[in-house]
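Coordinate inspection notes
These are the residues of each chain, in order.
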Amino acid sequence: MASVKIVMYRFTGWQGFFKVPEKWCPECDLVVRATYCAMAQSKHHVDFVVRPWFLWFWRPLLQFGSWHAPILVVGKHLVSAGKVPDDDKVLCAIEEAAR
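Residues numbered from 1 in each chain as written. Predicted model: local features only at pLDDT ≥ 70, side-chain atom pairs only at ≥ 80, totals over all residues. Heavy atoms only, no water.

**Points about a nonpolar patch on the surface**
Formally: Patch members must show over 30% relative accessible area and no salt bridge, and they are joined within 9 Å when carrying like charges or within 5 Å when they are nonpolar side chains of Val, Leu, Ile, Met, Phe, Trp or Tyr. For the area figures, the Shrake-Rupley method with a 1.4 Å probe applies, and any residue is considered shielded solely by the protein chains shown. For this document, the term salt bridge refers to a Lys or Arg side-chain nitrogen within 4 Å of an Asp or Glu carboxyl oxygen. Labels follow the DSSP assignment, with helices taken as runs of H or I lasting at least four residues and strands as runs of E lasting at least two, numbered in each case from the N terminus. Each residue's exposure class comes from its accessible area (1.4 Å probe, protein chains only) as a fraction of the maximum for that residue type: buried when under 20%, exposed when over 50%, partly exposed otherwise.
Judged by side-chain polarity, F57, W58, L61, L62 and W67 come together as a nonpolar surface patch covering roughly 550 Å² of accessible area. Secondary-structure assignment places L62 in helix α3 (residues 58-64). Relative accessible area serves as the criterion here: at 70%, L62 is assigned to the exposed category.

The following block contains the structure:
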């Protein structure tokens, strides 16, 4: 079984020294939910890391040209940016990254 790393750059929650309210980005919670659902269906070991967008925005911007949170990266591939992916799309990305 292969190990897959998923990184999410989230806009809500603690962003260093201040907190962004959940109501400003409801999509962030939906992306977390979709990722957990896909992880439960996957047969592979998945490491899920949530990073604050305010402190890490430069990484997906330089790597993928994407800056709109929430950003979901599976393996080394951008799965979504600014939109909520469905569970099947995340699951397919996990399976592809595990190959």
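**Topic: the layout of surface pockets**
Which entries qualify depends on this criterion: Throughout, the protein atoms alone are placed on a 1 Å grid, and a set of points is a cavity if a 1.4 Å probe fits but cannot get out or a pocket if it is open with protein on both sides within 12 Å along at least five of seven lines; lining residues have an atom within 4 Å of a point. Grid points are joined across faces, edges and corners, and a volume is the space filled by probe spheres set on the points. Classification used: nonpolar for Ala, Val, Leu, Ile, Met, Phe, Trp, Tyr, Cys and Pro, charged for Asp, Glu, Lys and Arg, polar for all others including Gly.
A volume near 180 Å³ is recorded for the largest pocket. Lining the largest pocket, in full, are K5, V7, Y9, R51, R59, P60, Q63, F64, V73, G75 and K76. Counting residues per element, the ones that place at least two in the lining of the largest pocket are β1 (3-10) and α3. In terms of residue count, the dominant contributor to the lining of the largest pocket is α3 (four residues). Here the residues of the lining of the largest pocket sort into five nonpolar, two polar and four charged.

**Quick look at the environment of P70**
Quick note on the threshold: Only heavy atoms enter the contact rule, under which two residues are in contact if any of them lie within 4.5 Å.
Within the secondary structure, P70 sits in the loop between α3 and β5 (71-74). It is 5.1 Å that separates the C-alpha atoms of P70 and R10, two residues lying 60 residues apart in sequence. Residues contacting P70, with those up to four places away along its chain left out, are M8, Y9, C25, E27, C28, V31, S80, A81 and G82.

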